[in-house]
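Breakdown of the fold
One-letter residues, chain by chain:
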Amino acid sequence: MTVQISRVSGPELRDALAALVATALDHSRRDPQAVSALTARLTGPPPTGCPAGDPAAGRPRDVPSPSCRGDVSCAGCPTGGPDAGRRSDVPPAGQACGAMSADCAWDAEQILVRAGRAWSSGDATRAIETLRRLDPAMLPRETAAGVRLLAGEIALRAAEPGDAVTSLLEAADLLADSPAEEAEALLRAGEAICFLGDHYRYADVTRRAARCGLAGTPAAWIEGFGALFDGRYPQAVATLRRVVAAADLGSPASDGLASDGRASDGPAAGGPAVDGPVTGSPAGRPSAPGPAAWGTGAITLLRASAAALACGDDAAALRLVTRAEGVAEARLVPRMMELKGSAELWRGAHDAAESIALAGARAAVDAGQPNEADNHLAMLALLAALRGDRAACRWRLAQLHGCPGRPRALGRWALALLDLQAGRPQEAAARLAGIADVRSGRGHVLVQMMAVPDLVEAAVLAGDPGVATAALTAFDRWAASTGEPLRRALSARCHALLARRGSAEADAGFREALRLHLAGESEFARARTQLLFGRDLRRRRRPGQAREQVGAALDTFVRCGARAWAEQARAELRVCGGDARSVTEPLTAQQLQIARLVADGATNREVAARLFLSTRTVDHHMRNIFHRLGISSRVALAKMIT
């Protein structure tokens with residue numbers, strides 16, 4: 001055959017080569033179109049990007065090459081080569097080349113899977129290094145989308161979060177033919193916007209979701225947060241409650257996501273199994289967003305927990321996070337701790353929130369997620385500011401890596417609290433107002449919404465209440481939509497502060513706030529309302545009623561370890577002519593912390609484990625606590641503390 005081919009040329013050579021290829025291929029795999037393409041490649045010039053003499057030269061891209069295994073320098077391969085990414089025929093970002101050898105495509109898939117597994121196991125560094133070997137512009141559309149999805153997730157948690165939204169929206173564009181996977185990309189883009197702030201960008205996610213016909217729980221999640229950022233609070237709360245209800249009906253199982261971050265082929269709990277390839281969908285994935293795309297595993301539970309917080313349902317948020325703890329991968333633990341800590345912050349459980357933030361920061365460092373570590377460090381700074389610990393607050397802020405978005409907004413809130421405690425209301429109001437503009441959606445609206453009560457207090461003390469008007473209007477509408485007592489109490493307190501000093505309107509506002517606080521969980525928030533009400537009563541020359549309110553506030557501040565607020569309460573009591581001592585005043589800070597844990601029902605051994613002390617040390621502290629307070633039992637201690 002070789003002799004015969006060497007003696008012919010032109011069409012005869014082409015026919016001879018076709019015969020040669022046909023005899024070389026297995027009969028079951030013989031495909032006339034493939035044979036024709038292979039013959040054309042063999043008789044034509046080397047493929048673009050493969051220099052003459054290269055093993056890939058003259059080789060068709062739809063036939064495996066034994067020389068390319070994903071880690072060799074092949075200029076026509078997306079996984080390497082000195083000219084990779086710089087070829088003149090590379091399509092623009094977001095498009096797939098679509099012309100590569102089968103083994104190159106297979107190797108790219110394996111590299112993506114390895115990167116996804118590294119990320120899922122908490123090894124962000126290895127995931128980033130592995131992912132850098134892939135150029136999405138050189139990959140098939142589906143693989144390129146997987147790269148964009150994973151790159152967006154890693155950028156958000158461990159690299160440049162500003163790149164995350166762009167990458168995830170590009171993934172959604174590539175997945176337009178696979179609605180289930182497009183839904184997942186849009187959900188992740190929405191989460192990235194929630195982290196970064198500038199919530200006006202969420203409108204783009206909402207439009208895309210409507211355009212692709214997204215339905216069910218994923219659509220409700222996107223629609224609910226879109227309405228929240230658009231100021232349509234009743235609609236937002238009603239829609240997000242459907243998300244919470246759907247999660248409560250499910251059970252923890254697979255998230256329906258592959259290790260590379262794309263929707264998997266397997267069934268999710270509560271949804272139909274995918275027994276085989278679905279017509280019109282790649283790789284056997286569902287052709288419409290449903291249970292297999294949304295799932296009921298850890299990711300879904302965490303999304304539902306975020307929805308619960310947006311609805312003002314802190315108990316549901318904690319319940320859903322607790323369910324997620326048993327099924328969450330290492331990469332999800334920092335996010336899980338963020339949601340749990342936020343719920344405890346709303347509940348006024350600052351000790352619990354601090355323990356959670358410490359654990360979250362450690363988990364984020366272990367997982368190689370510096371942006372999430374910043375998130376938890378900023379929360380620790382905020383909690384230190386709430387206690388009035390200026391040194392600890394500034395130390396935590398100095399540890400930040402400079403991540404924008406939620407960490408930066410929390411840091412501004414923490415510094416504003418220090419300003420407020422130090423008698424600098426103008427500076428505090430300026431910091432808090434700068435967190436976001438609720439009218440334009442620029443900045444971190446979610447964090448500023450939490451800080452509105454502090455903004456109103458600072459603005460009133462600074463003599464410029466107009467600074468807080470727009471933010472309070474949004475907070476009022478949101479609090480009313482949630483129906484939750486604490487949010488409504490804070491709204492009533494804000495309006496009492498804005499009312500004319502000593503007026504009946506102010507008195508009614510404070511009393512309504514205290515009534516609502518009785519149904520809420522945050523003792524700390526109630527104590528701050530009592531302190532402000534006490535000041536108002538003193539100015540109206542009602543010292544007896546003022547002492548009652550401020551004295552109760554002082555006891556709560558001391559129990560909570562909020563030293564700065566306790567000092568303010570003591571100063572107010574002295575002006576009112578009252579006793580500026582708390583019932584727990586004789587205790588040291590550590591003794592008070594131990595007493596609170598014991599009052600909550602912890603044993604000495606459990607207290608020792610929580611505070612990293614020896615049991616003998618806790619026993620010694622307990623004897624001193626009983627002696628200083630003049631009591632002899634844990635029951636008496638619990639009554640005194642609570």
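Sequence positions are assigned chain by chain, starting from 1 and proceeding in written order. Where local features are concerned, this predicted model is filtered to residues with pLDDT of at least 70; where side-chain atom pairs are given and counted, the filter is 80 or more; whole-chain, interface and lining totals use all residues. Hydrogens and waters are ignored; side-chain quantities use all the structure's heavy atoms.

Comments concerning the overall build of the protein chain
Heads up, the rule is: Each helix corresponds to a stretch of at least 4 residues labelled H or I by DSSP, and each strand to a stretch of at least 2 residues labelled E; elements are numbered beginning at the N terminus. Exposed residues in this analysis have more than 50% of their type's maximum accessible area, buried residues have under 20%, and partly exposed residues fall in between, with area computed by a 1.4 Å probe over protein chains only. Accessible areas in this description were obtained via Shrake-Rupley with a 1.4 Å probe; residue shielding takes into account the shown protein chains only.
In terms of regular secondary structure, the protein chain is built from 31 helices and 2 strands. Per-residue burial over the protein chain gives 55% buried out of 642 residues. Carbon and sulfur atoms form 52% of the exposed surface of the protein chain, whose accessible area is close to 27000 Å².

Examining the layout of surface pockets
Applicable threshold: Cavity: a set of points on a 1 Å grid over the protein atoms alone where a 1.4 Å probe fits but cannot get out. Pocket: an open set with protein on both sides within 12 Å along at least five of seven lines, its lining residues, like those of a cavity, having an atom within 4 Å of a point. Grid points are joined across faces, edges and corners, and a volume is the space filled by probe spheres set on the points. Gly is put with the polar residues, along with every residue not named as nonpolar or charged; the nonpolar set is Ala, Val, Leu, Ile, Met, Phe, Trp, Tyr, Cys and Pro, and the charged set is Asp, Glu, Lys and Arg.
Reported here for the largest pocket is a volume of approximately 840 Å³. Forming the walls of the largest pocket are 30 residues, and the residues nearest its centre are Asp351, Glu354, Ala589, Gln593 and Arg596. Looking at the lining of the largest pocket, the elements that each hand over two or more residues are helix 16 (350-366), helix 26 (543-560), helix 27 (563-576), helix 28 (589-599) and helix 29 (604-611). Of the residues that constitute the lining of the largest pocket, the class distribution is 13 nonpolar, 6 polar and 11 charged.

What about the side chain of arginine 487?
Just so we agree on the cut-off: Polar contact is the term for a pair of N or O atoms within 3.5 Å; when the atoms are in protein, one must be able to donate a hydrogen and the other to accept it, and sequence-neighboring residues count only if both atoms are side-chain atoms. We call two residues in contact when some of their heavy atoms are within 4.5 Å.
Here arginine 487 lies in helix 23 (residues 485-498). There is a polar contact of 2.7 Å between the side chain of arginine 487 and the side chain of aspartate 314. In this structure arginine 487 touches Leu309, Gly312, Asp314, Trp346, Phe475, Trp478, Ala479 and Thr482, once residues within four positions along its chain are discounted.

Some remarks on the confidence of the model for the protein chain
Put simply, the rule is: Known as pLDDT, the predictor's confidence for each residue is given on a scale from 0 to 100.
For the protein chain, per-residue confidence averages 77 on the pLDDT scale, and residues scoring 70 or more make up 75% of the total. Counting interchain partners and residues more than four positions distant, the pLDDT-below-50 stretch residues 1-11 has 6 contacts. Note that residues 38-100 has pLDDT below 50 and, in this model, 117 contacts with residues that lie over four places away or in other chains.

A closer look at the packing of helix 7 (residues 164-174) against helix 9 (residues 202-211)
What counts here: Convention adopted: a line fitted to C-alpha atoms gives each axis, helices being fitted over their contacting stretch, and angles between N-to-C directions are expressed from 0 to 180 degrees. Geometric relationships in this document are graded by angle, where less than 35 degrees denotes roughly parallel, more than 145 denotes roughly antiparallel, 65 to 115 denotes roughly perpendicular, and other angles denote oblique.
Two elements in contact, helix 7 and helix 9, have axes separated by 12 Å at closest approach and are oriented at 10°. Judged by the inter-axis angle, helix 7 sits roughly parallel to helix 9. Between helix 7 and helix 9, the residues in contact are Leu169, Ala172 and Asp173 and Asp204, Val205 and Arg208, respectively. Considering only residue class, the contact of helix 7 with helix 9 consists of 3 nonpolar, no polar and 3 charged.

Focus: helix 27
Cut-off, in case you're wondering: Multiplying one less than the number of residues by 1.5 Å gives the expected span of a helix.
Helix length check: helix 27 (14 residues) gives 20 Å between terminal C-alpha atoms against 20 Å at 1.5 Å per residue, within 8%. All of the buried residues in helix 27 are Ala564, Trp565, Ala566, Gln568, Ala569, Arg570, Glu572, Leu573 and Cys576. In this structure, the buried residues of helix 27 make contact with helix 17 (370-387), helix 19 (406-421), helix 25 (523-539) and helix 26.

Concerning the environment of glycine 441
The residue glycine 441 is located in the loop between strand 1 (436-437) and strand 2 (442-443) in this model. Taking the relative accessible area as the measure of exposure, glycine 441 reaches 5% and is therefore buried. A sequence separation of 244 residues divides glycine 441 from glycine 197, and the C-alpha atoms of the two residues are 8.3 Å apart. Setting aside residues no more than four positions away along its own chain, glycine 441 makes contact with Asp198, His199 and Tyr200.

So, the packing of aromatic side chains
Note the cut-off: Each aromatic pair joins two rings of Phe, Tyr and Trp (for Trp, the six-membered one) with centres within 6.5 Å, and gets the label stacked for planes under 30 degrees apart, edge-to-face for over 60, and tilted for any other angle. Look at NZ for Lys and CZ for Arg. If either is within 6 Å of the ring centre and within 35 degrees of the ring normal, a charge sits over the ring.
Tallied over the full model, the rule gives 8 aromatic pairs. An angle of 70° between the planes, with centres 5.2 Å apart, marks the rings of tyrosine 202 and phenylalanine 229 as edge-to-face. Note that tyrosine 202 is positioned in helix 9 and phenylalanine 229 in helix 10 (residues 216-229), a separation of 27 residues in sequence. For the pair shown, tyrosine 202 and phenylalanine 229 are each scored as buried. A ring pair is formed by phenylalanine 524 and phenylalanine 557, whose centres lie 5.9 Å apart and whose planes are at 65°; its orientation type is edge-to-face. Here phenylalanine 524 is found in helix 25, whereas its partner phenylalanine 557 is found in helix 26, with 33 residues between them in sequence. Here phenylalanine 524 and phenylalanine 557 have matching classes, each one buried. Among the aromatic side chains, those forming a connected cluster through ring pairs are Tyr202, Trp221, Phe225 and Phe229. The ring of tryptophan 346 has arginine 487 sitting right over it, with the charged end atom 3.8 Å from the ring centre.

Some details on the environment of proline 425
Tracing the sequence through the fold places proline 425 in helix 20 (residues 425-433). Residue classification places proline 425 among the buried residues on the basis of a relative accessible area of 12%. Here the alpha-carbon distance between proline 425 and aspartate 464, two residues 39 residues apart in the chain, equals 9.9 Å.

Considerations on unusual backbone geometry
A positive phi angle is found at aspartate 198, which is not glycine, with a value near 50°. Here aspartate 198 shows up in the loop between helix 8 (179-196) and helix 9.

Side note on empty space enclosed by the protein
Tallying each qualifying case throughout the model produces 6 cavities of 30 Å³ or more. In this structure, the largest cavity spans a volume of roughly 500 Å³. As for the largest cavity, its lining consists of 25 residues, and the residues nearest its centre are Phe225, Ala306, Leu309, Ala310 and Leu446. Looking at the lining of the largest cavity, the elements with two or more residues in it are helix 8, helix 10, helix 13 (298-310), helix 15 (333-347) and helix 21 (445-461).

Considerations on the packing of helix 28 against helix 30 (residues 615-629)
Running from N to C, helix 28 and helix 30 cross one another at 95°; their axes reach a closest spacing of 10 Å. By the angle class used here, helix 28 and helix 30 are roughly perpendicular. Residues Gln590, Gln591, Ile594, Ala595 and Val598 of helix 28 pack against Val618, His621, Met622, Asn624, Ile625 and Arg628 of helix 30. Across the contact of helix 28 with helix 30, the residue classes tally to 6 nonpolar, 4 polar and 1 charged.

Some remarks on the environment of alanine 489
Assignment of secondary structure puts alanine 489 in helix 23. Spatially, the C-alpha atom of alanine 489 lies 7.1 Å from that of glutamate 512, the residues being 23 residues apart in sequence. In this structure alanine 489 touches Ala513, Leu516 and His517, once residues within four positions along its chain are discounted.

Here's the deal with the side chain of serine 120
In this fold, serine 120 is placed in helix 4 (residues 102-120). Take serine 120: its relative accessible area is 14%, and that puts it in the buried class. At a separation of 3.4 Å, a polar atom in the side chain of serine 120 contacts the side chain of glutamate 329.

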